[in-house]
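Reading the structure
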Amino acid sequence: MSNGILFNETNWKLLSKNYSQIHAVSISVDAATAETYEDLRVGGKWNILLKNLNMLSELHRQKKFEWFQLNFVVQRANLLEMCDFVRLGQKLGVNKVNFQNMHKPYFLTKNEFKKNCLVINHKYLDYELWKVLQDPIFNDPIVDLKGLQRYIDASEKKYRKRYEREQRAKQNKEKRA
């Protein structure tokens, strides 16, 4: 697993003696835009990451390794980029786009973590996250929501009727316009 920044062509060539041992590449990205990426990944450069991801995509297409995965820790700052992150994975030809729940890192205070984490009381998803997950793009076979599934299931019962009411109101408003 890597953040992808040092996984460039030069470093790939340094691994040449070990190519036969490389079966999977898993890159943690957590964003689908330069602004969010560089905000979340201090010191990270989106353009360098994209160049490296495109190189890895080509190596994967050439069967240099079997498994190519992108990882995304869901949090308030990147929530609205989830669909675009799946599209990025599709474009790169990855095997899996993995979405994970945020766990408290050592550098966040308890209040900062609570503000950014989108799982409420270790039970439900934040409603905004649950709404994002209603997009059909999450039905793509490359999408892996296992790390969120128990929260999705609990949230389904909690939010479905509210969501359907909002959708009907939105449709009625559009008809009147």
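Residues numbered from 1 in each chain as written. Predicted model: local features only at pLDDT ≥ 70, side-chain atom pairs only at ≥ 80, totals over all residues. Heavy atoms only, no water.

Time to look at the overall build of the chain. Regarding its fold elements, the chain presents 7 helices and 6 strands. Each helix and strand of the chain, ordered N terminal to C terminal, gives the series α-β-α-α-β-α-β-α-β-β-α-β-α. Dimensions of the chain, computed from C-alpha atoms along their principal axes, come out at roughly 60 × 40 × 30 Å. The 177 residues of the chain split such that 42% are buried. Across the chain, every contact between residues at least 6 apart in sequence was considered, and the portion connecting residues at least 24 apart equals 70%. Of the accessible surface of the chain, which amounts to about 11,100 Å², a share of 51% is contributed by carbon and sulfur atoms. Across the chain, the mean location of the 31 positive side-chain charges is 4 Å away from that of the 20 negative side-chain charges. (Helix = DSSP H or I, 4+ residues; strand = E, 2+ residues; numbered from the N terminus. Buried < 20%, exposed > 50% of the residue type's maximum accessible area, 1.4 Å probe, protein only. Contact = heavy atoms within 4.5 Å. Areas by Shrake-Rupley, 256 points an atom, 1.4 Å probe, with all protein chains shown as cover. Lys, Arg positive; Asp, Glu negative; His and termini not counted. Charge placed at Lys NZ, Arg CZ, Asp CG, Glu CD.)

Of the pockets and cavities examined, the largest pocket occupies roughly 430 Å³. Around the largest pocket, the lining is made up of 15 residues, and of these Leu40, Gln75, Met102, Pro105 and Phe107 lie nearest the centre. Here the lining of the largest pocket is composed, by residue class, of 8 nonpolar, 4 polar and 3 charged. By volume, the second largest pocket amounts to about 370 Å³. For the second largest pocket, the lining is made up of 15 residues, of which Phe113, Cys117, Val119, Asn121 and His122 are closest to its centre. Secondary structure elements with two or more residues in the lining of the second largest pocket: helix 5 (110-116), strand 4 (119-120) and helix 7 (149-176). Here the lining of the second largest pocket is built from residues that sort into 6 nonpolar, 4 polar and 5 charged. (1 Å grid on protein atoms, 1.4 Å probe; cavity = no way out; pocket = protein on both sides within 12 Å on 5 of 7 lines; lining within 4 Å. Points joined across faces, edges and corners; volume = space filled by probe spheres on them. Nonpolar A, V, L, I, M, F, W, Y, C, P; charged D, E, K, R; others polar.)

This part takes up the packing of helix 3 (residues 46-61) against helix 4 (residues 82-92). The N-to-C vectors of helix 3 and helix 4 enclose an angle of 45°; their axes lie 9 Å apart at closest approach. Here helix 3 is positioned oblique relative to helix 4, judged by the angle of their axes. Here helix 3 contributes Trp46, Leu50, Leu53, Asn54, Ser57 and Arg61 to the contact with helix 4, which in turn contributes Leu88, Lys91 and Leu92. Partitioned by chemical class, the residues of the contact of helix 3 with helix 4 number 5 nonpolar, 2 polar and 2 charged. (Axes fitted to C-alpha atoms, helices over the stretch in contact; angles between N-to-C directions. Parallel < 35°, antiparallel > 145°, perpendicular 65-115°, else oblique.)

Moving on, we come to the pattern of salt bridges. The tally for this structure, following the rule as stated, stands at 8 salt bridges. Here Glu128 makes a salt bridge to Lys131, at a shortest N to O gap of 3.5 Å. With a gap of 3 residues between them, Glu128 and Lys131 both fall in helix 6 (residues 127-132), about one helical turn apart. For Lys131, a relative accessible area of 27% corresponds to the partly exposed category. A salt bridge links Arg162 to Glu166; the nearest nitrogen and oxygen atoms lie 3.5 Å apart. In this pair, Arg162 and Glu166 are both assigned in helix 7, 4 residues apart and thus about one turn of the helix distant. (Salt bridge = Lys/Arg side-chain N within 4 Å of Asp/Glu carboxyl O.)

Here we come to the sheet that holds strand 6 (residues 143-144). Taking strand neighbours across the sheet as the criterion, the 4 strands line up as 1-2-3-6 in an open arrangement whose pairing is parallel. The open sheet has two free edges, formed respectively by strand 1 (24-28) and strand 6, since each of these has just one partner strand. For strand 1 and strand 2 (residues 67-73), the ladder comprises 5 bridges, and the chain directions are parallel. Following the sheet pairing, Ile27 is matched in strand 2 by Leu70. This element, helix 3, spans strand 1 and strand 2 of the sheet and lies at about 150° to strand 2. On top of the sheet, helix 4 reaches strand 2, strand 3 (96-100) and strand 6; it is set at about 170° to strand 2, its chief contact. (Pairing = 2+ DSSP bridges.)

Moving on, we come to the state of the cysteines. As used here, a disulfide is simply a covalent bond connecting the sulfur atoms of two cysteines. Evaluated as defined, the whole model comprises 0 disulfides. The cysteine Cys117 is free of any disulfide, with Cys83 supplying the nearest cysteine sulfur at 19 Å. A residue is classified by how much of its surface remains accessible, and Cys117, at 10% relative accessible area, is buried. (Disulfide = S-S within 2.5 Å.)

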